[in-house]
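Chains, contacts and geometry: an overview
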Amino acid sequence: MVGAMNEISRPNNLDAHWMPFTANRTFKQAPRMLARAAGMFYYTPDGREVLDGTAGLWCVNAGHGRREIVEAIQQQAAVMDFAPTFQMGHPIAFQAASRLAEILPAPLERVFWTNSGSESDDTALKIALAYQRARGQAQRVRLVGRERGYHGVGFGGMSVGGIGPNRKQFGALLPYVDHLPHTHDLDHNAFTKGQPAWGAHLADALESLVALHGDTIAAVMVEPVAGSTGVLVPPQGYLEKLRALCTKHDILLIFDEVITGFGRMGTNFGAEFFGVVPDLMTMAKGLTNAAVPMGAVAATSQIYDTIVGNSPAGIELFHGYTYSGHPLASAAAIATMDLHRAEDLPGRAAALLPYWQDAMHSLRGAPNVIDVRNCGLIAGIELEPRAGQPSARAMAILQHCFDAGLLIRTTADIVALSPPLIAEKHHVDRIVDTLAGALRKAA
Ligand SMILES: Cc1ncc(COP(=O)(O)O)c(C=O)c1O
């Protein structure tokens with residue numbers, strides 16, 4: 001009763017929720033609400049259909065409300081809601097790890113469970129440091145990221161990530177972090193289909209960092225395709241070069257595959273798509289189709305054995321989360337991996353890629369479009385910002401699209417698209433038509 005009174009007496013009931021990565025004041029004046037989801041669509045509280053052009057936040061790869069995943073979660077909740085994984089085990093967490101190991105690119109085969117991409121990234125950085133120490137290279141304490149990289153919001157990922165606004169409110173961050181240059185350059189690469197030909201040499205910046213820091217670098221962390229900063233596609237040969245330089249200088253290479261994992265590239269992982277295998281890989285999002293939060297770090301057995309084998313008896317890695325390998329998340333992960341295999345979602349995405357590429361590049365010439373880029377079932381459409389109003393054009397387009405029944409994602413003045421992998425050609429057409437209309441409206 002008191003709660004109900006409060007709801008009535010407040011100007012709105014949106015006050016309590018401090019929304020993440022959101023302009024709270026603007027949003028709460030004109031909220032965009034999603035109340036229900038099925039397949040390729042969200043539905044607003046008043047029942048309006050909104051095509052999901054972004055798989056939620058790059059995560060609902062198998063489409064919304066998949067019965068198999070829902071039932072797996074329901075059943076597991078009834079069997080055992082929670083059990084600890086510190087000094088105890090439960091079967092489904094082991095089963096999920098074995099299932100994931102089956103699809104990981106060799107020699108990645110050990111799985112550490114987390115609950116999000118941010119936790120996975122911080123976990124991978126900690127494993128990298130622990131590994132260097134365990135093999136007698138304790139001086140390797142430096143972590144190298146890349147400008148415009150996004151590795152979540154923990155102190156590790158935020159520091160190694162390369163996004164100014166994500167860092168500047170938060171003090172001194174981690175010490176001993178350095179960054180490679182990003183690979184995005186419209187002068188050379190605008191309107192490239194797939195991987196640009198120019199830019200592999202930018203990986204050579206690692207040589208300069210090694211010259212500066214000597215043998216103190218523990219690991220380099222990059223996204224194979226940077227998503228959150230506006231879809232930055234790696235130049236041809238760039239990741240290969242980075243891999244070779246890491247091997248040459250005895251530095252671990254970490255791929256953040258939080259977006260590129262689980263079919264998004266038309267392969268299970270970006271590592272397969274690009275033919276470059278890292279030493280550690282981070283995942284989340286598509287792992288459970290986002291139905292229950294879960295993340296993972298995959299490591300080689302060599303890394304696992306070095307840390308576990310070189311420790312004194314007892315706990316080998318002083319790290320973990322209450323919910324690492326949570327039973328509901330493990331059940332969701334297994335059901336999701338089953339769906340991926342049964343429906344060959346990576347293959348399905350791969351089959352759509354030529355159509356996707358042509359459709360996205362048909363937006364070249366639309367008002368204010370200064371670049372279109374694509375890789376896997378991902379596209380970035382970069383816009384000329386409104387004079388003196390960065391992000392305003394993209395936000396106007398996001399609103400126009402939402403009003404017209406399409407969910408897109410924007411970052412600065414870049415539109416990012418990444419539909420569920422069950423998308424069909426007519427969904428792609430609808431994305432293009434709606435976006436083209438929004439671009440005209442916001443011109
Ligand atoms: C590449 C990458 N790494 C890490 C993260 C962080 O994941 P989470 O929001 O689950 O912590 C994201 C989220 O978008 C991401 O795209």
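Check the entry above for the structure.
Everything quoted here is computed from the prediction, not taken from an experiment.

1. Re the packing of aromatic side chains
- Applying the stated criterion to the full structure yields four aromatic pairs.
- Geometrically, the ring pair formed by phenylalanine 82 and tyrosine 323 is edge-to-face, given 6.0 Å between the ring centres and 90° between the ring planes. Of this pair, phenylalanine 82 sits in the loop between helix H4 (67–79) and helix H5 (91–103) while tyrosine 323 sits in the loop between helix H13 (301–309) and helix H14 (327–342), and the two are 241 residues apart along the sequence.
- A relative accessible area of 47% means that tyrosine 323 is categorised as partly exposed.
- Ring geometry for phenylalanine 262 versus phenylalanine 269: centroids 5.1 Å apart, planes at 65°, classification edge-to-face.

2. What to know about empty space enclosed by the protein
- In total, this model carries three cavities of 30 Å³ or more according to the counting rule given.
- In this model, the largest cavity occupies a volume close to 70 Å³.
- Thr183, His184, Asp185, Leu186, Asn189, Thr192, Gly194, Pro196, Leu232, Val233, Asp371 and Arg373 are the residues that line the largest cavity.
- Contributing elements (two or more residues each) for the lining of the largest cavity: helix H9 (186–189) and strand E11 (369–374).
- The residue inventory of the lining of the largest cavity, partitioned by class, reads four nonpolar, five polar and three charged.
- Taken as a whole, the second largest cavity encloses approximately 50 Å³ of empty space.
- Lining the second largest cavity we find Arg146, Glu147, His182, Thr183, Pro224, Ala226, Leu232 and Pro234.
- The class makeup of the residues in the lining of the second largest cavity is four nonpolar, two polar and two charged.

3. What to know about the sheet that holds strand E2 (residues 41–43)
- The sheet built from four strands is open, its strands ordered E1-E2-E3-E13 with mixed pairing. Two strands close off the open sheet at either side, each with one partner strand: strand E1 (36–38) and strand E13 (406–407).
- Pairing of strand E3 (residues 49–52) with E13 involves two bridges; the strand directions are parallel. Note that in E13 the partner of leucine 51 across the bridge is leucine 406.
- Lying on the sheet, helix H17 (residues 425–441) is in contact with E2, E3 and E13; it crosses E3 at an angle near 105°.

4. Notes on the pairing of strand E5 (residues 142–146)
- Buried residues dominate E5, accounting for four of its five residues.
- Across three bridges, the pairing between E5 and strand E7 (residues 217–222) is parallel. Of the residues in E7, the one forming a bridge with arginine 142 is isoleucine 217.
- With four bridges joining them, E5 and strand E6 (residues 177–180) adopt parallel strand pairing. When the sheet's bridge partners are listed, arginine 146 is paired in E6 with leucine 180.

5. Section: the nonpolar core
- Counting residues in each nonpolar core, the largest one holds 101 residues, and the members touching the most others are Leu100, Val220, Met360, Ile381, Ile397 and Leu435.
- Among the elements that make up this core, the one with the highest residue count is H14 (nine residues).
- When residues no more than four places from it in sequence are discounted, the contact partners of leucine 100 are Val111, Trp113, Phe262, Phe269, Met283, Leu287, Ala296 and Met337.
- Ala124, Ala128, Met221 and Val297 belong to the second largest nonpolar core, which has 17 residues in total.

6. Description of the packing of H5 against H14
- Here H5 crosses H14 at 30°, and the two axes come no closer than 9 Å. Note on packing geometry: the crossing formed by H5 with H14 is left-handed. Listed contacts from H14 to Ile92, Ala93, Gln95, Ala96, Arg99, Leu100, Glu102 and Ile103 of H5 are Pro327, Ser330, Ala331, Ile334, Met337, Asp338 and Arg341.
- When its residues are assigned to classes, the contact of H5 with H14 shows nine nonpolar, two polar and four charged.

7. Regarding the site of the ligand
- Lining the immediate surroundings of the ligand are 13 residues, of which Gly117, Ser118, Asp256, Ile259 and Lys285 lie closest.
- In the environment of the ligand, a nitrogen atom lies 3.4 Å from a nitrogen or oxygen atom belonging to the side chain of aspartate 121.
- Within the side chain of serine 228, one N or O atom sits 3.4 Å away from an oxygen atom of the ligand.
- Starting from 390 Å² of accessible surface for the ligand in isolation, the protein chains cover 82%.
- The element contributing the most residues to the shell around the ligand is helix H6 (residues 117–134), with three residues.
- The residue makeup of the shell around the ligand, split by class, is three nonpolar, six polar and four charged.

8. Things to note about a nonpolar patch on the surface
- Where nonpolar side chains cluster on the molecular surface, the patch consists of Leu129, Val141 and Tyr176 and spans about 250 Å² of accessible area.
- The residue tyrosine 176 is located in the loop between helix H8 (164–167) and E6 in this model.
- For tyrosine 176, a relative accessible area of 48% corresponds to the partly exposed category.

9. Description of helix H11 (residues 238–248)
- All of the buried residues along H11 are Tyr238, Leu239, Leu242, Arg243, Leu245 and Cys246. When H11 is viewed along its axis, its buried side chains cluster within an angular range of 165° and face the same direction. Exposed residues lying more than 90 degrees from the buried face of H11 are Thr247 and Lys248.
- Buried residues along H11 sit against E5, E6, helix H10 (205–213), E7, strand E8 (252–256) and helix H12 (270–274).
- Looking one or two residues beyond H11, the residue adopting positive phi is aspartate 250, at roughly 65°.

10. Here we look at the pattern of salt bridges
- Per the counting criterion, the structure on display carries 14 salt bridges.
- In this structure, arginine 99 and aspartate 338 form a salt bridge, with 2.6 Å as the shortest nitrogen-oxygen distance. Taken together, the positions of arginine 99 in helix H5 and aspartate 338 in helix H14 put the pair 239 residues apart, joining distant regions of the chain.
- Aspartate 338 gets classed as partly exposed once you look at its relative accessible area, which sits at 34%.
- Connected via shared salt-bridge partners are Arg67, Glu68 and Glu71.

About the cut-offs
Residues numbered from 1 in each chain as written. Predicted model: local features only at pLDDT ≥ 70, side-chain atom pairs only at ≥ 80, totals over all residues. Heavy atoms only, no water. Phe/Tyr/Trp six-rings, centres within 6.5 Å; stacked < 30°, edge-to-face > 60°. Helix = DSSP H or I, 4+ residues; strand = E, 2+ residues; numbered from the N terminus. Buried < 20%, exposed > 50% of the residue type's maximum accessible area, 1.4 Å probe, protein only. 1 Å grid on protein atoms, 1.4 Å probe; cavity = no way out; pocket = protein on both sides within 12 Å on 5 of 7 lines; lining within 4 Å. Points joined across faces, edges and corners; volume = space filled by probe spheres on them. Nonpolar A, V, L, I, M, F, W, Y, C, P; charged D, E, K, R; others polar. Pairing = 2+ DSSP bridges. Contact = heavy atoms within 4.5 Å. Axes fitted to C-alpha atoms, helices over the stretch in contact; angles between N-to-C directions. Core = buried A, V, L, I, M, F, W, Y, C linked by side-chain atoms within 4.5 Å. Left-handed = near helix turned anticlockwise from the far one by under 90°. Near = heavy atom within 4 Å. Polar contact = N/O pair within 3.5 Å; in protein donor to acceptor, adjacent residues only side chain to side chain. Areas by Shrake-Rupley, 256 points an atom, 1.4 Å probe, with all protein chains shown as cover. Patch = residues over 30% accessible without salt bridge, like charges linked within 9 Å, V, L, I, M, F, W, Y side chains within 5 Å. Salt bridge = Lys/Arg side-chain N within 4 Å of Asp/Glu carboxyl O. Arc of directions from axis to C-beta.

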